[in-house]
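Structure at a glance
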Amino acid sequence: MKINKALLTFIKGTLPVAGLVLLIVLGIYLSTTAKPSSSKITNIRWVVDPHPIRPTTIAFFEKKNPDIHVINDPEATPQRLLTQLAGNVPPDIMTMYTLDELDKFAKNNLLLDLTPYVKKYKIPVNELWPQLKPYIYYKGKIVGIPENGGNMYMFYNKKLFRQAGVPYPKEGWTWDDYVAAAKKLTIYKVINGRKIAIQKGMYIDNIPCIFIWKYGGRFFSPDGETCLMDSIECKQGIQFWYDLRMKYHVLPTGEETGSMASMGGYGGAFLLFAQSKAAMVITGRYMIPQFRVQKGLEWDVAPYPRGKYTVAPFLSKCYVIPKTCKHKEAALKFLRHILGRENQKLISDYADGLPARNSPQIIKDYIYNPKYPNETKNQLFIDELKFGRDIEWSPYISGADQAAITNAELDKMWLRDQTPEAACNNIAKKINEVIRRNLANPNFLK
């Protein structure tokens, strides 16, 4: 079995030795169990999460390409992808969920340069939303094809607002307006002498940038060489987040999140909103399928909170083809299908984010869906794109290290073991230590 030396160096720098041995063993296992292609059918493997929309995407493609069979391999973690590449059983199409992942794989020369194939296979990269460029290009080369994207938005439960006598959110609402409404929509009851949360005014996932951007803060300096979490603006943002949960009690604590609604399945904690246990939620359009099927849920979308700095997280992902792909032509046909009108309409209909293509026909399909005539604000998802910003990352620290340090310090804060200010100082100190180490020894960055 031949293993690319550059890839091996990359893996060694990423994983411990014991993990490397396990990866190679798993690679051997995959090479011996992979389904072979018959003389008539080409099997390609698409490594992507098992979102409910995947079977339909595949069915549409296979109907037009009966000589190609697509296998949805559902675990797209970087470690597993490296296992498959190291074992010489590369997927045909891989999913990069973050810009950090895309940068690491591209930097280590693992991805096929798609630039020469875009014209030949009629992949309409020129029609994609400009916000998606970071998911497409690496040093001027086309390496990724995004299927969809979009900001995070404010969704609200119309029924809970009416019951509380709170007017629906409207254009111009600031964070203060939303917090004032959230206070009125938060309900506690005393049961057996204990104060129990029955309903929360708001649910927001643990994304610090939502709060630090509110005050004009940034996680990293523009060159990525310094973590700025110890800045005044970042401390103000984290203090605001802390107050929402610990002072005003409009956001659920971790314990409350687990006890208020049944979890599990696609959606996780966002199901608090779907189950009418939270009156508002900041999330992406991709959660709408969960909202649609929830009986009795009357939901709508509102503008993102306005302020001196109105900045919302912009999220996407992209599909890439490894350089060692064994069915390149079939994989390229599938990427063309991803951006075809049929699949883009499927995304519109299913509400799996905003379709990646900004073409008149695609937008026409998207704006009005006769199956869901009450969804009249689809234009808002487009209008709010101007406030979108990619989640910050640095090329000098892995996303995993950044998240581990940040989450550990924030956990201490939520346990009241340290103040928000101390959490910010510790995050900046520890992340900057890793960045300095990596800059001094670039091998850590491979």
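Residues numbered from 1 in each chain as written. Predicted model: local features only at pLDDT ≥ 70, side-chain atom pairs only at ≥ 80, totals over all residues. Heavy atoms only, no water.

1. Overview of the overall build of the protein
A tally of helices and strands in the protein yields 19 helices and 14 strands. Counting every position in the protein, which comprises 446 residues, the buried fraction comes to 53%. At a minimum sequence separation of 6, the contacts of the protein that also span at least 24 residues come to 72%. Put simply, the protein shows about 20,500 Å² of open surface, and 55% of that area lies on carbon and sulfur atoms. (Helix = DSSP H or I, 4+ residues; strand = E, 2+ residues; numbered from the N terminus. Buried < 20%, exposed > 50% of the residue type's maximum accessible area, 1.4 Å probe, protein only. Contact = heavy atoms within 4.5 Å. Areas by Shrake-Rupley, 256 points an atom, 1.4 Å probe, with all protein chains shown as cover.)

2. Observations concerning the nonpolar core
Of all hydrophobic cores here, the largest spans 77 residues; its most connected members are W46, F105, F155 and F291. Here the element with the most residues in this core is helix α14 (residues 328–338); it accounts for six residues. In this view, W46 contacts R54, T57, I58, V70, I71, N72, D73, I93, T95, Y319, F334 and I338; residues no more than four positions away in its chain are not counted. Core analysis: the second largest hydrophobic core is formed by 53 residues, L160, C234, V250 and M280 among them. (Core = buried A, V, L, I, M, F, W, Y, C linked by side-chain atoms within 4.5 Å.)

3. Things to note about the packing of helix α10 (residues 232–247) against helix α19 (residues 420–440)
It is the contact of α10 with α19, at a shortest axis distance of 9 Å, that shows an interaxial angle of 130°. Classed by the angle they form, the pair α10 and α19 counts as oblique. Along this stretch, α10 crosses α19, giving a crossing that reads as right-handed. Residues C234, K235, I238, Q239 and Y242 of α10 form the contact with α19, whose participating residues are P420, E421, C424 and N425. (Axes fitted to C-alpha atoms, helices over the stretch in contact; angles between N-to-C directions. Parallel < 35°, antiparallel > 145°, perpendicular 65-115°, else oblique. Left-handed = near helix turned anticlockwise from the far one by under 90°.)

4. Remarks on the pattern of salt bridges
Counted by the stated rule, this structure contains 22 salt bridges. Among the salt bridges present, the one from D100 reaches K104, with a minimum N-O distance of 2.7 Å. Remark: K104 and D100 occur in helix α5 (residues 99–107); sequence separation between them is four residues, near one turn of the helix. Considered together, D100 and K104 belong to a single accessibility category, that of buried residues. The network of salt bridges with common partners includes R45, D73, E75 and R80. (Salt bridge = Lys/Arg side-chain N within 4 Å of Asp/Glu carboxyl O.)

5. Things to note about empty space enclosed by the protein
Taken as a whole and judged by the stated rule, the model has one cavity of 30 Å³ or more. Quantified by volume, the largest cavity comes out at close to 30 Å³. Looking at the largest cavity, the residues that line it are W129, L132, N148, G149, G150, F314, L354, P355 and L385. Those elements that provide at least two residues to the lining of the largest cavity are β6 (145–157) and β13 (354–355). In terms of residue class, the lining of the largest cavity is built from six nonpolar, three polar and no charged. (1 Å grid on protein atoms, 1.4 Å probe; cavity = no way out; pocket = protein on both sides within 12 Å on 5 of 7 lines; lining within 4 Å. Points joined across faces, edges and corners; volume = space filled by probe spheres on them. Nonpolar A, V, L, I, M, F, W, Y, C, P; charged D, E, K, R; others polar.)

6. Observations concerning the pairing of strand β11 (residues 299–302)
Residue alternation in β11 divides its side chains into two sets, W299 and V301 and D300 and A302, and both sets are buried. Both β6 and β11 contribute to a ladder of four bridges, which runs antiparallel. Bridged to N157 within β11 is W299. (Pairing = 2+ DSSP bridges.)

7. A word on the side chain of S394
Among the structural elements, S394 can be located in the loop between β14 (388–390) and α18 (399–414). Overall, the relative accessible area of 0% leaves S394 in the buried class. Separated by 2.6 Å, the side chain of S394 and the backbone oxygen of G224 make a polar contact. A distance of 3.0 Å separates a polar side-chain atom of S394 from the backbone nitrogen of Y396. Not counting residues within four places of it along the chain, the set of residues in contact with S394 comprises D100, K104, F220, G224 and I435. (Polar contact = N/O pair within 3.5 Å; in protein donor to acceptor, adjacent residues only side chain to side chain.)

8. Re the environment of L251
Tracing the backbone through its elements, the reader meets L251 in the loop between α10 and α11 (254–260). Assessed through its relative accessible area of 1%, L251 is described here as buried. The spacing of L251 and K183 is 68 residues in sequence and 9.6 Å in space, taken between C-alpha atoms. Setting aside residues no more than four positions away along its own chain, L251 makes contact with K200, M202, Y203, I204, W241, L244, R245 and E256.

9. Let's talk about the confidence of the model for the protein
In this model, the protein carries an average pLDDT of 89, and 89% of its residues clear a pLDDT of 70 or more. In this model, residues 6–13 is a region of pLDDT below 50 whose contacts with residues beyond four sequence positions or in other chains number 18 contacts. (pLDDT = per-residue confidence, 0-100.)

10. Looking at the packing of aromatic side chains
The final tally for this structure, using the stated rule, is 23 aromatic pairs. On the basis of an interplanar angle of 55° and a centroid distance of 6.4 Å, the ring pair of Y117 and Y121 is categorised as tilted. Of the two residues, Y117 and Y121, both sit in the buried class. Ring geometry for Y215 against F240: centres 6.4 Å apart, planes inclined by 70°, an arrangement best described as edge-to-face. Here Y215, found in the loop between α9 (208–212) and α10, pairs with F240, found in helix α10; they are 25 residues apart in sequence, far enough to count as distant. Judged by its relative accessible area of 10%, F240 falls in the buried class. Three or more aromatic residues link up through ring pairs in this structure, and these residues are W175, F211, Y215, F240, W241, Y242, Y304 and W414. For R245, the ring lying beneath its charged end belongs to W414, and the centroid distance is 4.0 Å. (Phe/Tyr/Trp six-rings, centres within 6.5 Å; stacked < 30°, edge-to-face > 60°. Lys NZ or Arg CZ within 6 Å of the ring centre and 35° of its normal.)

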